[in-house]
Structure formats: C-alpha cells, structure tokens
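Structure assessment
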Amino acid sequence: MSATSITNVTSNSKALYRTIWRWHFYAGIFCIPFVIALSLTGAIYLFKPHYESWQQSQYHSLPISGERLAPNQQIQAALAAIPNGKFLSYRLPQAADEAVLVNVQADSNWQVFVNPYTGEVLAKQDSSETLMNIVRTLHGELLLGNVGSVLVELAACWAIVLLVSGVYLWWPRNAKGLAGVIYPRLREGSRTFWRDIHAVTGIWISSLALFLLVTGLPWALVWGAALKEVRALDFSAQQDWTQSRAQEHQHWRAQASDVFDLTPAILATAEKIQLAPPVELSISNAHHNTWKASSQAGNRPERVDAWISADGAIEKQSLFADKKLLDRAIGIGVAAHEGYLFGWFNLVLGVLTCAGLILMSVSGFILWRKRKPDSVLGAPPAMPTRVGFAVVAITIGLAIFLPLLAISLIALLVIEFLLLRRLSGVSQWLGLSR
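Structure report, in brief. These numbers come from a predicted model, not from an experiment.

Let us look at a nonpolar patch on the surface. A cluster of nonpolar residues, Ile410, Val414, Ile415, Leu418, Leu419, Leu423 and Val426, forms a patch on the protein surface that exposes about 600 Å² of accessible area. The greatest single-element share of the nonpolar patch, amounting to 4 residues, is contributed by helix 13 (residues 403-418). Along the chain, Ile415 falls in helix 13. The exposure class assigned to Ile415 is partly exposed, which follows from its relative accessible area of 40%.

The subject of this paragraph is the side chain of Ser165. Topologically, Ser165 is positioned in helix 5 (residues 145-170). In terms of polar contacts, Ser165 uses its side chain to reach the backbone carbonyl oxygen of Val161, at 2.7 Å. Residue contacts for Ser165: discarding those within four places in its chain leaves Ile20 and His24.

This part covers the nonpolar core. Residues Cys31, Trp158, Leu213, Trp223, Leu398, Leu402 and Leu405 are the most contacted members of the largest nonpolar core, which totals 29 residues. Those elements that provide at least two residues to this core are helix 1 (3-45), helix 5, helix 6 (190-215), helix 7 (221-232), helix 10 (325-337), helix 11 (343-371) and helix 13. The greatest single-element share of this core, amounting to 9 residues, is contributed by helix 5. Excluding residues within four positions of it along the chain, Leu402 makes contact with Cys157, Ile160, Leu217 and Trp223. Counting residues in each nonpolar core, the second largest holds 28 residues, with Ala78, Val102, Leu262 and Trp291 among its members.

Let us look at the pairing of strand 8 (residues 314-319). As paired strands, strand 7 (residues 304-309) and strand 8 are joined by 5 bridges and run antiparallel to one another. Within strand 8, the position partnered with Trp307 by the bridge is Lys316. A loop of 4 residues connects strand 7 with strand 8, the two strands running antiparallel in sequence, and Gly312 in this loop sits at a positive phi of about 95 degrees.

So, on to helix 9 (residues 264-272). Among the residues of helix 9, Ile266, Leu267, Thr269 and Ala270 are the ones counted as buried. Projected down its long axis, helix 9 carries its buried residues within an arc of 165 degrees, all on one side. Set apart from the buried face of helix 9 by more than 90 degrees, the exposed residues are Pro264 and Lys272. Looking at the buried side of helix 9, the elements it contacts are helix 3 (71-80), strand 1 (86-91), strand 5 (279-283), strand 6 (290-295), strand 7 and strand 8.

Conventions adopted
- Residues numbered from 1 in each chain as written.
- Predicted model: local features only at pLDDT ≥ 70, side-chain atom pairs only at ≥ 80, totals over all residues.
- Heavy atoms only, no water.
- Patch = residues over 30% accessible without salt bridge, like charges linked within 9 Å, V, L, I, M, F, W, Y side chains within 5 Å.
- Areas by Shrake-Rupley, 256 points an atom, 1.4 Å probe, with all protein chains shown as cover.
- Salt bridge = Lys/Arg side-chain N within 4 Å of Asp/Glu carboxyl O.
- Helix = DSSP H or I, 4+ residues; strand = E, 2+ residues; numbered from the N terminus.
- Buried < 20%, exposed > 50% of the residue type's maximum accessible area, 1.4 Å probe, protein only.
- Polar contact = N/O pair within 3.5 Å; in protein donor to acceptor, adjacent residues only side chain to side chain.
- Contact = heavy atoms within 4.5 Å.
- Core = buried A, V, L, I, M, F, W, Y, C linked by side-chain atoms within 4.5 Å.
- Pairing = 2+ DSSP bridges.
- Arc of directions from axis to C-beta.

Following this line, the structure appears as structure tokens:
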C-alpha cells in the first residue's frame, strides 16, 4: 500500500471516529435528562414488592374470630365502600390472618382491604395514587400521557445509539495496558479521570443497559403497538402488559362486572392448586360461567392461569410453557427487566445498572463542560468521510428495529442539511462547519 493510500485510510478513520463521536455527543445531550430520570424511577420500582409488603403488613396478623364470611359477602363489603363500583378481582390471602384485597372499578381502579371474618373495610386506596404506581407512570410516560410515552421511547432509542457508538469510541486502538480501558486512571488529571469514569463505567454496564432498554420496548407506545400487530397475525393469547395508562384503564373497564358469584368451591379449588402468589380471581370473559384464577407473580415464567367452574372443577389450565415462543421470550425479558427472574441477584444487577447509567450521565456532562469552548456547543467538528459498510448496516438495522429512531434520524438529517448548515452562525456553533 502506498504512502498516499495509508494517509487516506488514516484520514478516513479519524473522520469516521469524529462523525460517530459527534452523533454520540448529540444523542447524549438529548438523552442525559431522560436517562437519569428513567434510572432513578427504575431503581425505585425494582423494590416494589418489598415496599408493598411493608405497606400492607398492617393488614396482616388480623384477629381470627369464628368462621370466614362467604366470598360474595366480602366482595359486597368492598363494593359498598366505593360508590358505583364494579367488581374486578379478588386476591387470595396467603394466610388465615391476612385481609382480602378486592379490586373495584369506578372512576379508577380501587384497592379495598376487607377483614374476611367481620366484613370490615380496613382501607381503600386509588391504585393510580399509590407511590409505586406514580413511580411507574413517571418511568413510562413522565406523567405526560402519550406525549411522555413517545418522549421516553425516543430517548430509549437514542440511548441505544448512545451505547453502541460509545462502545465504538471506547474500543482500544492505541492503548498500552488496561488503564483507561478496563479501569480508570485516577492520577492523570481531572479531565482524564472523568473521561475514564465515563468510558470504563460504560463498557462494564453497556450490555446490561442495552438489555434493559430492549426489554422495556414492549411497553413503549409505538414499538409496543407494532409488536401487538405482529402478534395479532399468529397469536390468540391476550398480552399481559399495556403500552399506556389509558390502555390499562380501558382494560379494567372491560373486565369490570356487576354480576358475580364466587362460590366457596371455587375459592377452595383456587387455594388447593397453589399457584405462585399473588393470585387473583376474576370472572372469565372467555369461558361462560367460570372464574379465572391467575398468578400475578413477578417472575412471569412462574405464572399459571386456571379456569374453575362454579362447582370447583378445573376446566382448563394455561402454563407459561404453553405460550408461543415470542411471548415466552418477552415474558422472560420483562421479568428480568423488573428484577424478578433470578431472585436477589437480578435486583442487585438492576440497581447497579441504574447507578452506572446515572454515573455515566453525570460524568459525560462534566466531561462536556470541561472540554467545551466558550463560543460553541462543543460538539466534535464535522469532517467529510466515507462511511463503511458496517456503519451503514448497523444504522439501517437500528432504524428498522426502532421506527421512532428512523423517523427522528431522517428528520434530523433533513433539518441539518436543508437548514442548519445554511445558517453560518448556527452551523459553526453546532460544529457542523469544518
């Protein structure tokens, strides 16, 4: 290879590096606030079962006085506490001294705790106003409804770009040893320190962060709706997650009923088959005159549904293994995303990943402020380059897989080339001029 060819290859390599660095920079500027918000709310939501166990502990250890009331009487007591309420579901107590939880649909979904021996309503709360529901809504839609859901999804798409481009930028080319690659250099100045904290943290958690981002997509409004259409081509089972709070509310209303007859036989059978707790009993829409006992275990591979007739006979059971391959894959991913799949270690990994994402965001911001000249945004300047096949293939692959990313990418390129590059002051400030 001639000296000129070597020079051209080196020049193109540097130009490609700066181009990817520039897109990494722009993605970071947009994503950092969202990543911090999603990491904080996600880390809090991982502790949902522990928080709810503590919160509901006051409804355990009830005095046992005589025989339990009939299930229908317990439900009627709950409905009487909520004006215009309709029955949604009955949660099986896990112990004889535990209150019954009845979900009631009115203006919203209400949780009503009933003493099964006296029929006394111990407490009632609007599900949408519980701490963990607020945290979940913040995590999924920033309390902004569908607009917030789209913003979160868009941030997740660009966070994937951020991680993929970050791995490319981190990739050791001329490194001598592992310092700055696997562990940070602590004594070479603040700029090197923050660079290493940003890059090294990223490489340690990038695969886990990508997993969280991808497994969160089924809840996303656009991506999840597209997935629902794909499932509708060949899947008859109803998905057990929703893309928005509005869809969840519609689901509650569809399931609510004025007519119910929860017989002692149904209750006894539901307790006997010992599904993974918590277990909810609801009126089956798919099977006439039957009730559905449904495990709501956080670890979704443990979930089982059973349909029970009025005389206590089991008409049908549906196991996780009976689901289609796509639904099983999503279920496993959702369970891992929420920290349930493999016990406490799953929870620890989730918390560490969230903490790592926050550290990357903070260190990236500090690094930008240290490098940024006063008169410009601080993005690496654009340089003409020949983009390789691998870069094109990865970009097209991500765009196909993430429709919101494709739309936003096209919009950005159009705005950049038709408008921003033509405004000399703006172009120079953004680093679009050479």
